[in-house]
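# Coordinate inspection notes
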Protein chains: 2
Amino acid sequence: MRLSRAFLPTLKETPAEATIASHRLMLRAGLVRQTSAGIYAWLPLGWRVLQKIEQIVREEQDRAGAQEILMPTIQSADLWRQSGRYDAYGPEMLRLRDRHDRECLYGPTNEEMVTDIFRGYAKSYRDLPRNLYHIQWKFRDEVRPRFGVMRGREFLMKDAYSFDVTKEGAQHSYRQMFLAYLRTFARMGLKAVPMRADTGPIGGNLSHEFIVLAETGESQVFVSQDLLDMDALASAPDYGADLAPAVDAWTSHYAATEEMHDPAAWEQVPEGKRVSARGIEVGHIFYFGTKYSASMGLSVQGPDGKTVVPEMGSYGIGVSRLVGATIEANHDEQGIKWPDAVAPFKAVVINLKQGDAACDALSERMYAAIPDSLYDDRSERAGPKFADADLMGHPWQVVVGPRGAAAGVVELKRRATGEKQEVSPEDALAKILG
Amino acid sequence: MRLSRAFLPTLKETPAEATIASHRLMLRAGLVRQTSAGIYAWLPLGWRVLQKIEQIVREEQDRAGAQEILMPTIQSADLWRQSGRYDAYGPEMLRLRDRHDRECLYGPTNEEMVTDIFRGYAKSYRDLPRNLYHIQWKFRDEVRPRFGVMRGREFLMKDAYSFDVTKEGAQHSYRQMFLAYLRTFARMGLKAVPMRADTGPIGGNLSHEFIVLAETGESQVFVSQDLLDMDALASAPDYGADLAPAVDAWTSHYAATEEMHDPAAWEQVPEGKRVSARGIEVGHIFYFGTKYSASMGLSVQGPDGKTVVPEMGSYGIGVSRLVGATIEANHDEQGIKWPDAVAPFKAVVINLKQGDAACDALSERMYAAIPDSLYDDRSERAGPKFADADLMGHPWQVVVGPRGAAAGVVELKRRATGEKQEVSPEDALAKILG
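Residues numbered from 1 in each chain as written. Chains lettered and ligands numbered in written order. Predicted model: local features only at pLDDT ≥ 70, side-chain atom pairs only at ≥ 80, totals over all residues. Heavy atoms only, no water.

### Concerning the sheet that holds strand S19 (residues 347–351) of chain B
Residues and elements named next belong to chain B. Quick note on the threshold: At least two DSSP bridges between two strands are needed for those strands to be called paired. For helices the rule is a DSSP run of H or I covering at least 4 residues; for strands it is a run of E covering at least 2, with both sets numbered from the N terminus onward. As a rule, the C-alpha atoms of each element are fitted with a line to give its axis, helices using only the stretch in contact, and angles between N-to-C directions run from 0 to 180 degrees.
If you trace the 5 strands from one edge of the open sheet to the other, you get S20-S19-S21-S22-S23, paired in mixed fashion. The sheet is open, and its two edges are formed by strand S20 (373–376) and strand S23 (420–423), each paired on a single side. With strand direction ignored, the average angle separating the axes of adjacent strands in the sheet is 20°. By the bridge criterion, 4 bridges tie strand S21 (residues 396–400) to strand S22 (residues 410–414) in an arrangement that is antiparallel. For tryptophan 396, the partnering residue across the bridge sits in S22 and is arginine 414.

Right under this line is the structure:
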């Protein structure tokens, strides 16, 4: 994309309402614009990141055997009365009435709806196990929305729901998601730590949160260095096999949020390995048994002809929140430092002398050779071009100036490390295209 | 995907509420499930189609120079008061109040919001032209939702908005979208005819509808055969060049909806070329000048230092409606006949004797060799397998039976024509992957 024709606005001033780094940088770099309190429009730069994150989530859900659907945003209140949550859910639920005065709501989550859909088709144990997910906008009417997309009101979530005939099956489904989540976050360049969690309003008896460590995180966490040293991408899970050993390897190390912290157990972790840090929740998985299937009348015929009430779990990833979390974990004073996998553009080509024949030719050549690249072809001084490149956080900057163009070299800067080197155009391409 | 593990439910009975073919087939083939009046959940089969349609729309918008953003579904009433439409818009607007009693609405369209976003950044004529689009769920509270996704309440629309400094520029932006729309529908396997339209509630002075011909279409249309014979994919437009000749070639033939029909001009069309048919609107483009920019205070500094109020247009495609329109134009008594480009699966491999070693081996081999294929590996009789394949409408059926497996042949059926032939597995792959 050519910056001179793109809609990639940046702001010089830091908006006063932004108190944390990701919020500030998302506004300044032009990723989002607030349209109402806690509601954001995604501008092209932010939208590209959101799509890349969404695609990684989708690929890992599919790989783990989950199947994608799309449920609507508006739900009927009647559905939520069946589970008893319509009255139990507080003022965070956005309730409304349609023109026929029917009570509806903007879905904050989809346990009821997916159970209703599934019970419409599943008749036999042969129709299970199934894991259905969707990536859809949700609404929670936070009383004080803040921190940008980290605690917005309209937000994008991936939520999956598993249906199994037995408790053992449900545990297997839970483990599939546990391992898929670790891969998902690792592919995005994030270190997300699974922590045993309270089951809260969803209910049930087994739950883990996935927490990204970042200085500005909202909650205190305690984790063993051994867990931080594990690599989720070291081997690909065989999702059909027994996953207990792989999950146990992750859960055998100490990791807890403040709420679940056990100082006595923490004392058992060798002192040099105790990491106390701040964290941001980016995923949450639950096994809740028959809570919704029983209350909503979902049952199937078992192998022995008797009625079985399926065991369920639900599995959420905060897709729009991940944009903020990624920035919290990857930025400096100048701007964002995108991990390669979710960067809006792989590289920016900065032409320092727009209109100079040699600079234009070399810049065009580099721009054409790098797929998914941005070309800063504006008639601007070098200063603002460098500042915008650092602010927007492209992983690579290819700087083309008159002296370099004459000598057949470009300056290649790696945003994450700040490292710069003069290299031939071919060497620059080899490094960027890997 | 293996059908034995997939969530691809089909219905034997035709649901009573479905009065038109696409609605009936979408329910029976398990593309969607109604969750409230006029609101649908997209099951895996339907979701795959919707994503393919969305991707074609996106690629052609990008190619024409439009840039993707994503605006939220919930909008503030204040924004709509600025244009005067908050009170003017009827009961189809879903109005609501949040927990702080602020008036909001579920967006039925986005002229106000995109104008507000754009005025937040554009300062100079150099920031124009721009065309911003998004693909987002909208809500129109139809009093009597019907025809399935064709007239639903929550629906997916692509809407683009162009901003230009001059009327000539705006006309160029309009023509870019005009030609992009023709390519978009043609790539989906649809013949969509552009027809001069009334500008209606959006206002303005130039508008075209794009109408797919189908027997069950909602409105009567009159079109010259010469226009139907034109091929939108014959050459790729150079969107930077003068597009008037290309657009004029399309608009010089007679084409009109009943509303805009001119019997005198119709008489001028040679009798053998007068096609009177039913049609379904799938796209609508408008040039409306400064209606929103003026009322909402969007202006930029022109080349001469004077203030300019940008000329705008808006361009919509009914993405979810296109699923229904495609089925209306492509089906028979047995089910759907998907055009290749939007088919949920490229082919289905039908194993007629699950558990037979030769059938299983050959079926697995064919399934592995065809990307994006479905494998009917259920322990079912042949009849229901054939019926489901015809109903779901996969473009190719690869039938593997015991006699064929022994002789090294498969039966290959083309769903669109019903043509069947016994061929070697290699020949079948060559035709399918073609």
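So much for the structure itself; the text now carries on.
### Topic: the interface of chain B and chain A
The test is simple: Whether two residues touch is decided by their heavy atoms; if any such pair falls within 4.5 Å, the residues are in contact. What counts as buried area is the accessible surface, traced by a 1.4 Å probe, that two parts surrender upon association, with contributions from both included. By definition, a salt bridge exists where a carboxyl oxygen of Asp or Glu is found within 4 Å of a side-chain nitrogen of Lys or Arg. N or O atoms closer than or at 3.5 Å make up a polar contact, with two conditions inside protein: a donor-capable atom paired with an acceptor-capable one, and, for residues adjacent in sequence, both atoms drawn from side chains.
Contact with chain B, which involves 59 residues of that partner, is made by 59 residues of chain A. Regarding the contact of chain B and chain A, the summed buried area is about 4900 Å², with carbon and sulfur atoms giving 58% of it. Counting the surface chain B buries against chain A, the share from its top three residues, B:Phe7, B:Arg99 and B:Tyr121, is 16%. Seen at the junction of chain B and chain A, the total is 2 salt bridges. As a salt-bridge pair, B:Arg153 and A:Asp98 come within 3.0 Å of each other at their nearest N and O atoms. In this assembly, chain B and chain A are joined by 26 residue pairs in polar contact (both at pLDDT 80 or more). Within the residue set of the side of chain B that touches chain A, elements represented by two or more residues are strand S1 (32–36), strand S2 (39–42), helix H2 (44–63), strand S3 (67–68), strand S4 (74–76), strand S5 (94–97), helix H5 (111–119) and strand S7 (130–139) of chain B. By residue number, the principal contributor to the side of chain B that touches chain A is S7(B), which donates 5 residues.

### A short note on the domain arrangement of chain A
All names here are of chain A. As a reminder, the rule being used: In this entry, domain limits derive from an automatic or database-based domain assignment.
You can read the domains of chain A as domain 1 (3–336) and domain 2 (345–433). Using C-alpha coordinates to define each centre, domain 1 is positioned 37 Å away from domain 2. Facing the 15 residues of domain 1 at the interface are 14 residues of domain 2. Here domain 1 meets domain 2 over a buried area of about 1300 Å², counting both sides, of which 58% is carbon and sulfur.

### Things to note about helix H15 (residues 425–433) of chain B
All names here are of chain B. To keep things clear, this is the line we draw: Buried, partly exposed and exposed residues are distinguished by accessible area as a fraction of the type maximum, computed with a 1.4 Å probe on protein chains only: under 20%, between the cut-offs, and over 50%, respectively. This arc describes the spread of directions from the helix axis toward the C-beta atoms.
Pro425, Ala428, Leu429 and Ile432 are the residues of H15 that are buried. Projection of H15 onto a plane perpendicular to its axis shows the buried side chains occupying an angular sector of 100°, all on one side. Its buried side turned inward, H15 meets S19, helix H12 (357–369), S21, S22 and S23.

### Some details on the side chain of A:Arg321
Within the fold, A:Arg321 resides in helix H11 (residues 319–329). For A:Arg321, the contacting residues outside a window of four places in its chain are A:Val149, A:Met150, A:Arg151, A:Glu218, A:Ile280 and A:Glu281.

### Concerning the pairing of strand S11 (residues 219–224) of chain A
All names here are of chain A. Of all 6 residues making up S11, 5 are buried, and the element is well covered by its neighbours. By the bridge criterion, 6 bridges tie S11 to strand S13 (residues 274–289) in an arrangement that is antiparallel. Opposite valine 223, over in S13, you have valine 275 as the bridge partner. Looking at chain direction, S11 and strand S12 (residues 255–257) are connected through 3 bridges and run antiparallel. What sits directly across from phenylalanine 222, in S12, is alanine 256.

### A closer look at the packing of helix H1 (residues 21–28) of chain B against helix H11 (residues 319–329) of chain B
Residue and element names in this part refer to chain B. Test applied: Convention used here: angles under 35 degrees read as roughly parallel, angles over 145 as roughly antiparallel, angles from 65 to 115 as roughly perpendicular, and any remaining angle as oblique. Residue type decides the class: Asp, Glu, Lys and Arg count as charged, Ala, Val, Leu, Ile, Met, Phe, Trp, Tyr, Cys and Pro as nonpolar, and the leftover types, Gly among them, as polar.
Look at H1 against H11: their axes get within 8 Å of each other, and the N-to-C directions meet at 105°. On the basis of their axis angle, the class for H1 and H11 is roughly perpendicular. On H11, the residues that touch Ala21, Ser22, Leu25 and Met26 of H1 are Val323, Gly324, Ile327 and Glu328. Class assignment for the residues of the contact of H1 with H11 results in 5 nonpolar, 2 polar and 1 charged.

### Digging into the packing of aromatic side chains
Stated precisely, the cut-off is as follows: Pairing of aromatic rings covers Phe, Tyr and the six-membered ring of Trp, with a centre-to-centre limit of 6.5 Å; geometry is then stacked below 30 degrees between planes, edge-to-face above 60, and tilted otherwise. Think of it as a cone above the ring: NZ of Lys or CZ of Arg counts as a charge over the ring if it is within 6 Å of the ring centre and within 35 degrees of the ring normal.
Inspection of every chain in the model, using the stated rule, returns 29 aromatic pairs over all chains. Taken together, a centroid distance of 6.0 Å and an interplanar angle of 85° make the contact between A:Tyr181 and A:Phe185 edge-to-face. Of this pair, A:Tyr181 and A:Phe185 both sit in helix H6 (residues 167–187), 4 residues apart, which is roughly one turn of that helix. Residue class for A:Tyr181 comes out buried when judged on its relative accessible area of 0%. Its relative accessible area of 0% is what places A:Phe185 among the buried residues. Where B:Trp80 meets B:Tyr89, the ring centres are 5.7 Å apart and the plane angle is 80°; that geometry is what we call edge-to-face. Relative accessible area serves as the criterion here: at 0%, B:Trp80 is assigned to the buried category. Grouped by ring-pair contacts, the aromatic residues A:Phe7, B:Phe118, B:Tyr121 and B:Phe163 constitute a single cluster. When the ring centre of A:Trp396 is taken as reference, the NZ or CZ atom of A:Arg414 above it lies at 4.4 Å. The ring of B:Tyr86 carries the charged tip of B:Arg95 above its face, separated from the ring centre by 4.7 Å.

### As for unusual backbone geometry
All names here are of chain A. Of note, the bond from leucine 128 into proline 129 is cis; its omega dihedral lies within 30 degrees of zero at -5°. Structurally, proline 129 can be placed in the loop between helix H5 (111–119) and strand S7 (130–139). We note that aspartate 101 has phi near 65°; this positive angle belongs to a residue other than glycine.

### Remarks on the relation of the copies chain B and chain A
Definition in use: Only residues with pLDDT of at least 70 in both copies count here: their C-alpha atoms drive the least-squares fit that superposes the copies.
The two copies are related by a screw operation: chain B maps onto chain A through 180° of rotation and 0.0 Å of translation along the axis, at an RMSD of 0.0 Å. The relationship between the two copies is best expressed as a two-fold rotation axis. When C-alpha distances to the rotation axis are compared across chain B, the minimum falls at B:Leu96, with a value of 2.9 Å. Taken as a fraction of all interface residues of chain B, those also at the interface in chain A reach 98%, which identifies the copy contact as same-surface.

### Focus: the pairing of strand S8 (residues 154–164) of chain A
Residues and elements named next belong to chain A. Burial runs high along S8: 11 of the 11 residues are buried. Covered by surrounding structure in S8 are Glu154, Leu156, Lys158, Ala160, Ser162 and Asp164 together with Phe155, Met157, Asp159, Tyr161 and Phe163, the residues of both alternating faces. Relative to strand S16 (residues 311–318), S8 runs antiparallel, the two being bridged by 8 bridges. Its bridge partner being in S16, aspartate 159 is matched across the sheet by glycine 316.

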